[in-house]
Amino acid sequence: MGRRASDAASRPARLVTARPWWVVAGWLVVVAVLNLAVPQLETVAARNASPMVPVDSPSMRTAHAMDEAFGNGRSQSVLVLATARSGGLEAADRAYLVGVADRLRRLHGEVGFVQDVRRRPELLKALTSDDGEARYLLVGTTAPTGAPAAIQQVSDVRRVASEHVPDGLEVEVTGPTATVADLADETDRSVVRITIATVVLIGLILLLIYRSLLAAGLILAVVGVGLGVARAVVSACGLAGVFPVSTFGGSFMTAILLGAGTDYAVFLLARYHEQRRLAVLPGEAAALATTRVASVVLGSGLTVVLATLCMAAARMGFFTTTGPPIAVGIMVNLAVSLTLVPALLTVAGRRGLLEPRAAAGGTGWQRLADRVAAAPLRAVVLSLVPLLLLAGLFPLIDLSYDTRSSQPDDTESNRGYALLGKHFPINEVVPDWVLVQADHDLRDPADLALLERAAGSVARQPGIDLVRTITRPDGRRIDQASVGYQAAVVGRRLGHAGDRLGDGAQGAGKLAGGARRVAGGAGRLGAGADRLADGTGLAVSGAGRLAAGAGRLASGMDRLLRGAERASSGSDRIASGTQQLAHGLDLAAANTRLAVDGLGAVVDALQHKSLTCGLDPACRRARAGLVQIWTAERDQLLPGLRTAAAAAHRLASGSGELSEGLSRLREGIARAEQGVRALRDGQRQFASRLGRLGAGAQRLADGAGRLADGAGRLAGGTEQVAASLPELRKGLAQASRHLRRTGAVARDPAIGGFYLPPAALHDRRFAAASGLYLSDDGRTARFMVLDSENAFGDAAAARTSDIAEIVRGSFAGTRLAGADVSTTGIASTNHDLVRLSADDLRLIEIGALVAVFLVLLLLLRSLVAAAMLMATVVLSYASAMGLAVGVFQLVLGREIDWTVVAVAFVVLVAVGADYNLLLTKRMHEEAPDGDRSGVARATAATGGVITTAGLIFAGSMFALLAGRVTTMGQCGLTIGAGLLIDTFVVRTVLVPGLATLLGPRLWWPRRMTAPATHDAG
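The structure displayed is predicted, hence computed values, not measured ones.

1. Describing the overall build of the protein chain
Phase 1 of the analysis: Scanning the protein chain from terminus to terminus reveals 31 helices and eleven strands.
Phase 2 of the analysis: When the 1017 residues of the protein chain are sorted by exposure, 57% land in the buried category.
Phase 3 of the analysis: Partitioning the intrachain contacts of the protein chain with sequence separation of at least 6 by distance along the chain shows that 83% fall at a separation of at least 24.

Here it is in structure tokens:
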């Protein structure tokens, strides 16, 4: 039975060695046809639309919602076209921006929108630096950030932007999408350098080990064929939609396949040399080597395939475009190695080539293996100490999600950031956005006040440079929209009005004296103004009452008219008082002029110097009432008094007939009566409108006094007016002090006093802000949040969830409590990246550990051996990560890129298990009963081949340092160091020591058998 199983296992290898040329020719045809029929991997990757983070992640959903509300719904990414000229932008520069915007709009299917400053010129100020030397435009692209399609779109936008650039104008295309594209481009350009460096390193290592150009050339040829076929197959899979591919995945796949393919060839060559030393014929030696090492090579490849396939279950685009291509590439290389290597060995061996050197007795590997077998506990302790010390640094790791710092400073996106940083606030083009989606129109004073309160709360958080939104378009609160500012302005105006009334008080006294003199001839002019109460209702409580009743004044004037008519029939009774009447009317006209001028000053202030009164409908209606009063006094009352005074003078001088004078007097008084009636109507309308003034404006009390019957009561009326003016002045002063105190308190941002009438949004000064921060339907608002630190950094990413919670908290208990609040931007994307990558890494780690453990269990059929090997590879990985922390963080002061943790885990666990599997399988051949000498023999026999494989794979990883991308360099150094640790410490000392200590228990529950005899068969 065992013989038949052995024959069945060796049949495929014997078939290959029987017709080696067919195999060689077959693979050459396959690699040629595939590479001619299938597009190159980079071309297929460019068609992929897989984003950096899933489209259903919070930041991506918010970005889509924001584009729907503020864009056109066709853009998933945003680029920034930055321009600058030292000394200021010129006309040619502005013409270039208009032209390039038109040309970019012609990129249908790639460009979703370009900011149109011609139709919205109010945006120019926001897009132009304060020094006038720089300006930028936002360009929306249709592919999501990080997708290969987005990388191509960045390239196309840059191509268009580079055309027709005026001399001296700096032009750069930047932004987070451009940053990711530059990272991909740098990675892609690094592949050539890395591949060359890898081939050179592998070739040198092979030459040093085998001292044969033919051996090195054969292995490199096999690796080249495997890489060529693998790239074509992966490209075909990507083209067919089996799995997505990317330039990142292609780069890592190339590096890993170069190392893994070389290892498989080395394993086969080492066993072939063993058989040749036993004088086995070349074809038979190649077949036996393939048969005996096939299970190890297949198991080794299977661990890598399963571990990397676990990445396909992840959500992050980096994992889904990296793991499956590596898995497919490994499977292709397994097929190439297990067929092409034995075929080439057969062809070369039959010509007397690739013969092994004579085995040296008492090699260094044998001596080291004997020492470990002699003192296994000491070997285990000595190997564990450095491994545990390095692993102890692993928990100190700080992960970086900053794609900007992982690429050189001279990439176009980084040049663009530097260019804009000279002229704009920090992070001007990489803000985070807070999106507020409500179920009603937010263009309401109450909602605008809530938005301002939320923006102010965010702006006060540590690490926030400024916040822009509809209520603070330039990042600062609109001072004129605060209740404090408005109250202070009204208070100052009322104070000025009181001062003007104070100036007219002396004239009112003179008017009263003149009226007393008139009383002897024409009767008394009585009933003055009561008190004029001002109370705007917003904060005025006790502005006093304005005396006088305009209705009673009109009645008094009517009586005065009837008295004048009676005087006309009995002129001889007032002849003695006409002179006094004339003087009194002159004084009345003069002092009325003072009152008209004072009221005119108030009207002028409200019409031309108050922004908020023009925006508030209630204030406008009150102002119209004041204008009507002022017009009546100026055009009717004052001319009437002057006419009456002229008539009285004519009576006194005897220049006219008494009846004519009295008739003119009657006419003047009649005109005065009309003015008083108009004054009464205006005051009534003013009181009615003022009563509707917002926030509780009090009504203006009626009463302008009454004019006594006849000229004899004029003195009493004017005395009342004179007495009321100081009281009015006192009331206005009290109102002024109250409003000023209100303004001082309400201006404090913590009070939250904010009032922006809806009409203000239509003012040209708010037009740009309204379009940028409020959607057309008014239901969506957004805040632009600029960090004071690196927007790509960890602190900014961690702050995004706090910002959203702060906004939600500020809406609690208000009409916006149910509004949806979310964030997007590079910091929010990185926040999602942190969470999603942690979840994916946990999934990959668990999946890879389970898969590798099952493969080891299947091949070794020993629970103890499989568990021991898994523990050692995990410790090897932790030590490698600790070494990376020490080198990059503690020595170089750089954080470790988040991708390093996952990639290093998959590679080190899978490849480390490969090496240990090769060693342990040989141990089972040499010491199935746990014999120490058998363990030592297995260690010595595999020492050279495993060391060679480890050095070669580590060399291929170290070659990643030849690239310009920090991420690849960190991955290369970490994995390369981990492979060396695994090769020289774990495989050489720790595993043999543990195997020796465990003895026969290592194979539990497998039964012990007698050691195998190594002969020609």
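2. A short note on the pairing of strand E10 (residues 820-825)
Phase 1 of the analysis: Burial runs high along E10: five of the six residues are buried.
Phase 2 of the analysis: Sheet analysis places strand E6 (residues 432-437) next to E10, joined by six bridges and oriented antiparallel. Following the sheet pairing, tryptophan 433 is matched in E10 by threonine 824.

3. Examining the environment of phenylalanine 783
Phase 1 of the analysis: Mapping phenylalanine 783 onto the fold places it in strand E9 (residues 780-787).
Phase 2 of the analysis: C-alpha separation for the pair phenylalanine 783 and aspartate 432, spaced 351 residues apart in sequence, amounts to 8.2 Å.
Phase 3 of the analysis: Beyond its immediate chain neighbours, meaning those up to four positions away, phenylalanine 783 contacts Asp432, Trp433, Val434, Leu451, Ala454, Ala455, Val467, Arg468, Thr469 and Val807.

4. Some points on helix H26 (residues 794-811)
Phase 1 of the analysis: Spanning 18 residues, H26 covers 27 Å between terminal C-alpha atoms, matching the ideal 26 Å at 1.5 Å per step.
Phase 2 of the analysis: Of all the residues in H26, the buried ones are Ala796, Ala797, Arg799, Thr800, Ile803, Ala804, Val807, Ser810 and Phe811.
Phase 3 of the analysis: Lining the buried residues of H26 we find E6, helix H17 (445-459), strand E7 (464-468), E9, E10 and helix H27 (826-860).
Phase 4 of the analysis: At the exit of H26 stands glycine 813, carrying a positive phi of roughly 75°.

5. Considering the packing of helix H14 (residues 364-374) against helix H31 (residues 966-998)
Phase 1 of the analysis: In the contact formed by H14 and H31, the axes pass within 9 Å of each other and the chain directions differ by 40°. The orientation of H14 with respect to H31, classified from their angle, is oblique. When you trace H14 past H31, the crossing you get is right-handed. Where H14 abuts H31, its residues Trp365, Leu368, Val372 and Ala373 lie against Arg987, Thr988, Val989, Pro992, Gly993 and Thr996.
Phase 2 of the analysis: Taken together, the residues of the contact of H14 with H31 sort by class into six nonpolar, three polar and one charged.

6. Considering unusual backbone geometry
Phi is mostly negative for residues that are not glycine, and the peptide bonds are mostly trans.
Phase 1 of the analysis: In this structure, proline 1005 follows tryptophan 1004 across a cis peptide bond, with omega equal to 5°.
Phase 2 of the analysis: Note on placement: proline 1005 falls in the segment after H31.
Phase 3 of the analysis: Even without being a glycine, alanine 279 presents a positive backbone phi close to 70°.
Phase 4 of the analysis: Position of alanine 279 relative to the elements: it lies in the loop between helix H10 (247-277) and helix H11 (282-309).
Phase 5 of the analysis: Taking relative accessible area as the criterion, alanine 279 reaches 63% and is therefore assigned exposed.
Phase 6 of the analysis: Backbone geometry at arginine 861 places phi at a positive 55°, although glycine is not the residue there.

7. Observations regarding the environment of leucine 387
Phase 1 of the analysis: Note that leucine 387 resides in helix H15 (residues 376-391).
Phase 2 of the analysis: Judged by its relative accessible area of 2%, leucine 387 falls in the buried class.
Phase 3 of the analysis: For the pair formed by leucine 387 and isoleucine 981, sequence separation is 594 residues and the distance between their alpha carbons is 8.5 Å.
Phase 4 of the analysis: Sequence-distant contacts of leucine 387, defined by excluding residues within four places in its chain, comprise Leu875, Ser879, Ile981, Val985, Val986 and Leu990.

8. Some details on the pairing of E9
Phase 1 of the analysis: With eight of eight residues buried, E9 is to be regarded as a mostly interior element.
Phase 2 of the analysis: Burial of E9 is two-sided: the residues Thr780, Arg782, Met784 and Leu786 facing one way and the residues Ala781, Phe783, Val785 and Asp787 facing the other way are all buried.
Phase 3 of the analysis: Two elements, E7 and E9, share four bridges in a ladder whose sense is antiparallel. Among the inter-strand pairings, arginine 468 is bridged to a residue of E9, identified as methionine 784.

The rules behind each value
- Residues numbered from 1 in each chain as written.
- Predicted model: local features only at pLDDT ≥ 70, side-chain atom pairs only at ≥ 80, totals over all residues.
- Heavy atoms only, no water.
- Helix = DSSP H or I, 4+ residues; strand = E, 2+ residues; numbered from the N terminus.
- Buried < 20%, exposed > 50% of the residue type's maximum accessible area, 1.4 Å probe, protein only.
- Contact = heavy atoms within 4.5 Å.
- Pairing = 2+ DSSP bridges.
- Expected span 1.5 Å × (residues − 1).
- Axes fitted to C-alpha atoms, helices over the stretch in contact; angles between N-to-C directions.
- Parallel < 35°, antiparallel > 145°, perpendicular 65-115°, else oblique.
- Left-handed = near helix turned anticlockwise from the far one by under 90°.
- Nonpolar A, V, L, I, M, F, W, Y, C, P; charged D, E, K, R; others polar.

Just distances and angles here, no functional claims.
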